[in-house]
Amino acid sequence: MIRGTLTMKPVAPLGLAYIAAAAESAGHNVRVIDAIANNICEFHPTELGNDIIIQGMRPEVVAELVPCGSKVIGLSCMFSNNWLLDRRLIKVLRSRFPEAVLIAGGESISGMPEYALKDSELDICVVGEGEETFKEVLSAIENQIPLVTVKGIVFKKDGKIVLNPRRERIRQLNDIPYPAWHFFPVNAYFDNQITLTPTERKSLPTLATRGCPYTCTFCSSPNMWTTKYSLRSPDNILQEMIYMYEKYGVTNFELFDLTAIINRQWILEFCRLLQNYPVHFTWQMPAGTRSEALSEEVIREMAKAGCTNITFAPESGSKKVLQLIQKKADPDKMLPAMKLASQLGMYVYVNSIIGLPGETHRDIWKSMLYLAKTAFAGAQDTGMAVFMPYPGSELFKQFEQYGQLSLSDSFFYDILYTDSITKSQFYNNNIPSFIYRIYNILLLTVFYIVSYSSHPSRIYKSLRNVIKRRYVTRGERAIGYLMEQYFSLKKSPVHSLHQPVSHV
Ligand code: B12
Ligand code: SF4
């Protein structure tokens, strides 16, 4: 099974670790290649453009590591903006292994299984949650059972594409085998601090819940996981943490949940168990959570239980925009929670999106005011994402229906630049792209000015981080990279390729 290279900051591939565990538990002989961690210091340009730099092994090297005679090769394709690179890897694998069954899964694949099959040499796409489906596919291949009996896949048969019905979500999350990290080069993750949150501790991701009950139209989660939201028992998660601690010495855990905190009783019980456990674990919620259940009591208990980072996901400061995208959240109600979390020493991050369809100048100014309030409340950083219609999301379907976009190389090329201030594509007719780019810079500038002026001690911390090149916030990273580029330009006229992400 393979995790290909990425053009963005890598993390330990949790989805693939779950799939490896499922295959192993069904008695299959498993081998994993993590194309990033296996060659983490290698950065190289691609044929996609000089500014698209990938980290990790080249596809040809990945293919050489796949054992001869492999019958099934699985690939994890999580990000749509990685499709052009994933497709290249699939091509190389197909030419080296003409007889193997090539199977892919992940959020990106789940949003566009038919296109992925047509556009590449893949044989089978697994749609949605993967464990049960993958085991059944393997068993079908082994026992020559027709694939048409396997729920949750889309596959090629005699040159045609067959869509099987979706599979029901796994009911008992506690019964799913823990991610099989023993197949992965975990020491490379630890030694190179492959985490979202900077930490000196050994860290691995974990998942406390699956799915999300909401249906925001920009998000691909309803297609991927349906709206079924299920939780592991707090004790089951703690047991996994203890297992990772005893086996690898891991004491920091990043919760990659879409929406970890909805249930007050559940989070309080989780915190109680962690507080009573003799080893002090730290943990974070870097993926963005809802905040309805984040009462004062809950935040205090989370801080006592070792939570060091909460990412809030208000997305916009305009209630009109939130209504348009069906984001059922009240950004103002998040502010007291941000303030308390920050006062208790947690790192508070705010997810925001610009460029959503229907957004106007007025909405941007509202978002700017709101971002200033979050910075004043104590938020340390904001991820200013530019809206992209991801395959599988409701907005993507609407754009496609009205002929405003279709899946093609140029679409994937455009979304490669999702993080770029100068090159990202905007899907909003109200505001010209160049004005959006100015807004993007302005929003970030306002955020950092308010953050530093209302919390002056952070200036010293940020300076120290920039000097030590241990960037924590986007602002520090931007200044750090500018300085690095300035000094490397002074030394040599050739640009340094030593940067972890491609984005300009
Ligand atoms: C961690 C994370 C990140 C991290 C790092 C990701 C990385 N480099 O690996 C960071 C913070 C960097 C990140 C950034 C972004 N992210 Co993000 N991220 C996630 C997150 C929260 C967790 C992924 C995860 O581990 N999930 C848990 C595992 C268990 O689920 P899974 O991987 O889907 O695996 C299951 C199945 O997919 C399947 N499966 C997976 N692999 C395989 C392989 C095989 C062979 C099979 C059979 C099955 C299978 O089985 C697994 C078990 O059931 C997801 C949301 C989520 N919770 O999934 C978003 C998510 C992946 N991110 C998303 C997005 C949009 C982004 C951004 C583009 C946002 C932005 N606009 O800035 C940026 C990218 C920035 C950039 N530089 O380009 C989207 C992707 C949508 C898409 N189609 O591309 C997601 C799905 C969130 C969402 N619902 O919108 N992200
Ligand atoms: S954006 Fe968040 S709240 Fe909305 S559907 Fe996606 S995961 Fe759920």
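Residue positions within a chain follow its written sequence, with the count starting from 1. Starting at A for chains and at 1 for ligands, labels are handed out in the order in which the entities are written. The predicted origin of the model limits local features to residues at a pLDDT of at least 70 and limits the giving and counting of side-chain atom pairs to 80 or more, whereas totals for whole chains, interfaces and linings rest on all residues.

### Quick look at the overall build of the protein
In step 1: Working definition: helices are DSSP H or I runs of at least four residues, strands are E runs of at least two. Numbering for both runs from the N terminus. The number of helices and strands found in the protein is 19 helices and 17 strands.
In step 2: As a reference, a globule follows 2.2 Å times the number of residues to the power 0.38, and the radius of gyration itself is taken over C-alpha atoms. Here the C-alpha atoms of the protein give a radius of gyration of 22 Å, agreeing with the 23 Å that 2.2 N^0.38 yields for 504 residues.
In step 3: In terms of overall dimensions, the protein has C-alpha extents of about 65 × 55 × 50 Å along its principal axes.
In step 4: Across the 504 residues of the protein, 44% fall into the buried class.
In step 5: Once local pairs closer than 6 in sequence are excluded, the contacts in the protein between residues at least 24 apart make up 75%. Residues with at least 20 other C-beta atoms within 10 Å of their own are called buried, those with 12 or fewer are called exposed, and the rest are partly exposed. The C-beta atoms themselves are positioned from the backbone. Distance between backbone-placed C-beta atoms decides contact: two residues are in contact if it is within 7 Å.

### Notes on the site of ligand 2
In step 1: Should the C-beta atom of a residue, placed from the backbone, lie within 6 Å of a molecule or strand, that residue is near it. Around ligand 2 lies a shell formed by Cys 212, Tyr 214, Thr 215, Cys 216, Cys 219, Ser 221, Leu 258, Thr 259, Arg 290, Ala 313 and Lys 327.
In step 2: Three classes are used, and their members are as follows: Ala, Val, Leu, Ile, Met, Phe, Trp, Tyr, Cys and Pro are nonpolar, Asp, Glu, Lys and Arg are charged, and the others, Gly among them, are polar. For the shell around ligand 2, the class distribution of residues is six nonpolar, three polar and two charged.

### Comments concerning the domain arrangement of the protein
In step 1: Each domain's extent is set by a domain assignment, obtained either automatically or from a database. For the protein, the domain assignment lists domain 1 (2-163) and domain 2 (200-455).
In step 2: Computed from C-alpha coordinates alone, the two centres of domain 1 and domain 2 are separated by 27 Å.
In step 3: Contacts between domain 1 and domain 2 engage 17 residues on the former and 18 residues on the latter.
In step 4: Residue assignment for the side of domain 1 that touches domain 2 shows that the elements contributing at least two residues are α3 (83-96) and α4 (107-111).
In step 5: With three residues, the top contributor of residues to the side of domain 1 that touches domain 2 is α4.
In step 6: Taken together, the residues of the side of domain 1 that touches domain 2 sort by class into nine nonpolar, six polar and two charged.

### Observations concerning the pairing of strand β13 (residues 252-255)
Consecutive residues of a regular strand have side chains that alternate between opposite faces of the sheet.
In step 1: Neither face of β13 is exposed, since Asn 252 and Glu 254 on one face and Phe 253 and Leu 255 on the opposite face are all buried.
In step 2: Note that strand β10 (residues 203-206) and β13 share four bridges and pair parallel. Directly across from Pro 205, in β13, lies its bridge partner Glu 254.
In step 3: When DSSP finds at least two bridges between two strands, those strands are taken to pair. As paired elements, β13 and strand β14 (residues 282-289) share three bridges and run parallel to each other. For Phe 253, the partnering residue across the bridge sits in β14 and is Trp 283.

### Digging into the sheet that holds strand β17 (residues 381-386)
In step 1: The strand order β10-β13-β14-β15-β16-β17 describes an open sheet built from six strands, whose pairing is parallel. A single partner strand is all that each edge strand has here, and the edge strands are β10 and β17. Strand-to-strand twist across the sheet, computed as the mean angle between neighbouring axes with direction ignored, equals 20°.
In step 2: Each axis is a line fitted through C-alpha atoms, and for a helix only the stretch in contact is used; angles between axes span 0 to 180 degrees, taken between their N-to-C directions. Together, β16 (347-354) and β17 form the strand contacts of helix α14 (residues 361-377), whose direction differs from that of β16 by roughly 175°.

### Brief notes about the packing of helix α10 (residues 264-276) against helix α11 (residues 296-304)
In step 1: One can describe the packing of α10 onto α11 by two numbers: an axis separation of 9 Å at closest approach and a directional angle of 25°. Between α10 and α11, the interaxial angle falls into the category roughly parallel. Considering only the axes of α10 and α11, their crossing is left-handed. Each of Arg 264, Ile 267, Leu 268, Cys 271 and Gln 275 in α10 lies in contact with α11, whose residues at this interface are Val 298, Glu 301, Met 302 and Lys 304.
In step 2: Split by residue class, the contact of α10 with α11 holds five nonpolar, one polar and three charged. Any angle from 65 to 115 degrees is called roughly perpendicular, while one under 35 is roughly parallel, one over 145 is roughly antiparallel, and all others are oblique. It is the rotation of the near helix from the far one that decides the hand of a crossing: anticlockwise by less than a right angle makes it left-handed, clockwise makes it right-handed.

### Quick word on the nonpolar core
In step 1: As used here, a nonpolar core is made of buried Ala, Val, Leu, Ile, Met, Phe, Trp, Tyr and Cys residues. They are joined through C-beta atoms within 7 Å. Core analysis: the biggest nonpolar cluster contains 123 residues, and Ala 20, Cys 125, Ile 153, Met 338, Val 348 and Ile 354 have the highest contact counts within it.
In step 2: At eight residues, helix α1 (residues 14-25) tops the list of elements feeding residues into this core.
In step 3: Per-domain counts for this core show at least three residues from each of domain 1 (2-163) and domain 2 (200-455).
In step 4: Leaving out residues up to four positions away in the same chain, Ile 354 has contacts with Ile 364, Ser 367, Met 384, Val 386, Phe 387, Tyr 436, Tyr 439, Asn 440 and Leu 443.

### Details of unusual backbone geometry
In step 1: Phi is positive for Glu 315, which is not a glycine, with a value near 70°.
In step 2: Relative to the helices and strands, Glu 315 is located in strand β15 (residues 307-315).
In step 3: Residues other than glycine seldom take positive phi values, yet Gln 326 does so here, at roughly 55°.
In step 4: Examined against the element boundaries, Gln 326 turns out to sit in the loop between α12 (319-324) and α13 (331-343).

### Thoughts on the pairing of strand β6 (residues 101-105)
In step 1: As paired elements, strand β5 (residues 72-76) and β6 share five bridges and run parallel to each other. Looking across to β6, one finds that Ile 73 is bridged to Leu 102.

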